[in-house]
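Working through the structure, step by step
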Amino acid sequence: MIRLSALNVDSSEESEPERTQESIKQAQEAEALGLYNKALQHQEAGDSVRAEQTYNLLLESHLVKEAPVPEEDEGLHKPGQVLKYSAYKNLAVLAENRGDWEKATDAYLEAVLLDDSDVTVWYHIGTVAIKSSNLGLARQAFQEGLRCNPKHWLCLSQLCSVLYAIGDYATCLGVISEALDRDEHFIKGLALRDKIFSEEPYLQRDYQYLRSLFVNTVDDEYTEEAEQHVKEALHLREERLRVIETYRKEPAPLEPVKPLTSYTWAALGECFVALYDHLTSPDDPKSLARRINLESYYKAIVTPDISMPHKASLAKLSDQTPASNFSTEGFQVYKATGNPADNEDKLPKKTAKRKKPPPSGMDTEFPPKRRSAR
């Protein structure tokens, strides 16, 4: 059987081949890698502003933005995951260098969501948390760093100071014992141990089983260094308490943003809606649990200067109300009959009843006999 097929009029015009999924992925990887290299160049040149902008563009790229969070113990295998992790880590370094502790912490935490096996990242999270007086986060970060690498000395040393500052003496003595097992001349550990025992003497008796705690003492030549370590730990405690007191202090009540223009429920509702919009604005959101000072509204209500349309309407209504034309028939009847009190003299008076005379003595001694019913 013969089959016929149509021929192209111009065989030189070939249709453009469809781009495969693999070619699209390669193009996205090349674009993302180019942005990352460009950001690194700005960062090495000291242009932190352009470097940060380029890293943010990289995070908004399709390849990096759609990169999934790896499963536990899976690691970073996909290019998008690696670029995303590196971008967040470098953004954290830039924020830490300029002293923006909050942004640095957020970027570091985004990085450890992708890969939590880097002890240096946990150490940086802990140091940034100390600078922002977030000792709870610092403790967790140093503990996670020691989980990644139990021999990381910087995490171990900083953890001792943080545990003493937050008052967890039991855990602090355990960490100091581990540190003294590795270095029996650990000055910070010995200084904090002596400080804890001076504050809580019973702990010295209860922790006799940790033999490494009692092997060595601070030499005289290191006394000044030991005192400095204790001062640093006490300073961390004072800063933490200051931050706690700041959060505990009740903030001043908020003022209404819109004045009360009329003494109506509708006007009051509009004022509250305006206040709600102000508190929930994305630029500067505030807590809805704050107190509101409504004294200005109270003054507006009791002040006669405020326009009160309901009073004007009542006055207008009273002017338009016609005079009362109720019937006076009842009054005429009352007038004709007069007051009942005035007619008392005209009424016949009742005669007084004659009182029964009191019985005589004889009647009392000999009362009359009662006759029989027969």
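Keep in mind that this is a model prediction, so the values were computed, not measured.

Considerations on the overall build of the protein chain
- Along its length, the protein chain carries 17 helices and zero strands.
- In the protein chain, buried positions account for 29% of the 374 residues.
- Across the protein chain, contacts joining residues at least 24 apart in sequence account for 57% of those joining residues at least 6 apart.
- Counting only carbon and sulfur atoms, one obtains 53% of the accessible surface of the protein chain, whose full area is about 27,500 Å².

Considering the packing of aromatic side chains
- Taken as a whole and judged by the stated rule, the model has six aromatic pairs.
- Seen in terms of ring centroids, Tyr123 and Phe142 are 6.1 Å apart; in terms of plane orientation they differ by 45°. Their pairing is tilted. Here the residue Tyr123 occupies a position in helix α6 (residues 119-131), and Phe142 occupies one in helix α7 (residues 135-148), the gap between them amounting to 19 residues.
- Owing to a relative accessible area of 0%, Phe142 belongs among the buried residues under this scheme.
- Aromatic side chains Tyr164 and Tyr169 sit 5.5 Å apart centroid to centroid with 15° between the ring planes, which places their arrangement in the stacked category.

Description of the packing of α7 against helix α8 (residues 153-166)
- Where α7 contacts α8, the axes come no closer than 9 Å and their chain directions differ by 150°. Overall, the two elements α7 and α8 adopt an arrangement that is roughly antiparallel. Viewed along their axes, α7 and α8 form a crossing whose handedness is left-handed. Residues Leu135, Ala138, Arg139, Phe142, Gln143, Gly145 and Leu146 of α7 form the contact with α8, whose participating residues are Cys155, Leu156, Gln158, Leu159, Val162, Leu163, Ala165 and Ile166.
- Of the residues assigned to the contact of α7 with α8, the class counts are 11 nonpolar, three polar and one charged.

Thoughts on the UniProt feature "repeat: TPR" (unreviewed entry) in the protein chain
- Per the UniProt entry, the sites bearing "repeat: TPR" (unreviewed entry) are residues 85-118 and 119-152 in this numbering.
- Measuring from the first to the last C-alpha atom of residues 85-118 gives 11 Å, for a span that is 79% helix and 0% strand.
- Across residues 119-152, the secondary structure splits into 79% helix and 0% strand, with the terminal C-alpha atoms separated by 8 Å.

Some thoughts on the layout of surface pockets
- Volume-wise, the largest pocket comes out at about 210 Å³.
- Forming the boundary of the largest pocket are 13 residues, of which Glu71, Glu72, Asp73, Asp115 and Asp116 lie nearest the centre.
- Element by element, the count of residues in the lining of the largest pocket is highest for helix α5 (residues 101-114), at three residues.
- Taken as a whole, the second largest pocket holds about 160 Å³ of empty space.
- Lining the second largest pocket, in full, are Lys25, Gln28, His62, Leu63, Glu66, Ala67, Pro68, Lys78, Pro79, Gly80 and Gln81.
- Elements that contribute at least two residues to the lining of the second largest pocket include exactly α1 (21-44), α3 (62-65) and α4 (79-97).
- Class assignment for the residues of the lining of the second largest pocket results in four nonpolar, four polar and three charged.

Structural notes on helix α2 (residues 48-60)
- Across its 13 residues, α2 extends 18 Å between first and last C-alpha, which sits within 8% of the 18 Å expected from 1.5 Å per residue.
- For α2, the set of buried residues is Ala51, Thr54, Tyr55, Leu58 and Leu59. All buried residues of α2 project into a common sector of 145° when viewed along the axis, lining one side. Exposed side of α2, more than 90 degrees from the buried face: Val49, Leu57 and Glu60 are the residues found there.
- Where α2 is buried, its residues touch α1, α3 and α4.

Considerations on the side chain of Asn216
- By the element assignment, Asn216 lies in the loop between α11 (202-206) and α12 (223-248).
- Using a relative accessible area of 17% as the deciding quantity, one classes Asn216 as buried.
- A distance of 3.1 Å separates a polar side-chain atom of Asn216 from the backbone oxygen of Glu184.
- In this structure, Asn216 is in contact with Glu184, His185, Leu190 and Arg193, ignoring residues within four places of it in sequence.

Some remarks on the environment of Leu113
- Note on placement: Leu113 falls in helix α5.
- Between the C-alpha atoms of Leu113 and Tyr85, which are 28 residues apart in sequence, the distance is 8.8 Å.

What about the nonpolar core?
- Counting 68 residues, the largest nonpolar core has Tyr55, Ile125 and Phe142 as the members making the most contacts within it.
- The residue makeup of this core includes at least three contributed by each of domain 1 (23-115) and domain 2 (149-249).
- The contacts of Ile125, once residues within four sequence positions are left out, are Tyr108, Leu109, Val112, Leu137 and Ala141.

Side note on the environment of His278
- Tracing the chain through its elements places His278 in helix α13 (residues 265-279).
- When the C-alpha atoms of His278 and Val257 are compared, they prove to be 7.6 Å apart, with 21 residues separating the residues in sequence.
- Sequence-distant contacts of His278, that is, excluding residues within four places in its chain, are made with Val257, Asp284 and Lys286.

Conventions used here
- Residues numbered from 1 in each chain as written.
- Predicted model: local features only at pLDDT ≥ 70, side-chain atom pairs only at ≥ 80, totals over all residues.
- Heavy atoms only, no water.
- Helix = DSSP H or I, 4+ residues; strand = E, 2+ residues; numbered from the N terminus.
- Buried < 20%, exposed > 50% of the residue type's maximum accessible area, 1.4 Å probe, protein only.
- Contact = heavy atoms within 4.5 Å.
- Areas by Shrake-Rupley, 256 points an atom, 1.4 Å probe, with all protein chains shown as cover.
- Phe/Tyr/Trp six-rings, centres within 6.5 Å; stacked < 30°, edge-to-face > 60°.
- Axes fitted to C-alpha atoms, helices over the stretch in contact; angles between N-to-C directions.
- Parallel < 35°, antiparallel > 145°, perpendicular 65-115°, else oblique.
- Left-handed = near helix turned anticlockwise from the far one by under 90°.
- Nonpolar A, V, L, I, M, F, W, Y, C, P; charged D, E, K, R; others polar.
- UniProt positions renumbered as here; feature names shortened; annotations may be inferred.
- 1 Å grid on protein atoms, 1.4 Å probe; cavity = no way out; pocket = protein on both sides within 12 Å on 5 of 7 lines; lining within 4 Å.
- Points joined across faces, edges and corners; volume = space filled by probe spheres on them.
- Expected span 1.5 Å × (residues − 1).
- Arc of directions from axis to C-beta.
- Polar contact = N/O pair within 3.5 Å; in protein donor to acceptor, adjacent residues only side chain to side chain.
- Core = buried A, V, L, I, M, F, W, Y, C linked by side-chain atoms within 4.5 Å.
- Domains from an automatic or database assignment.

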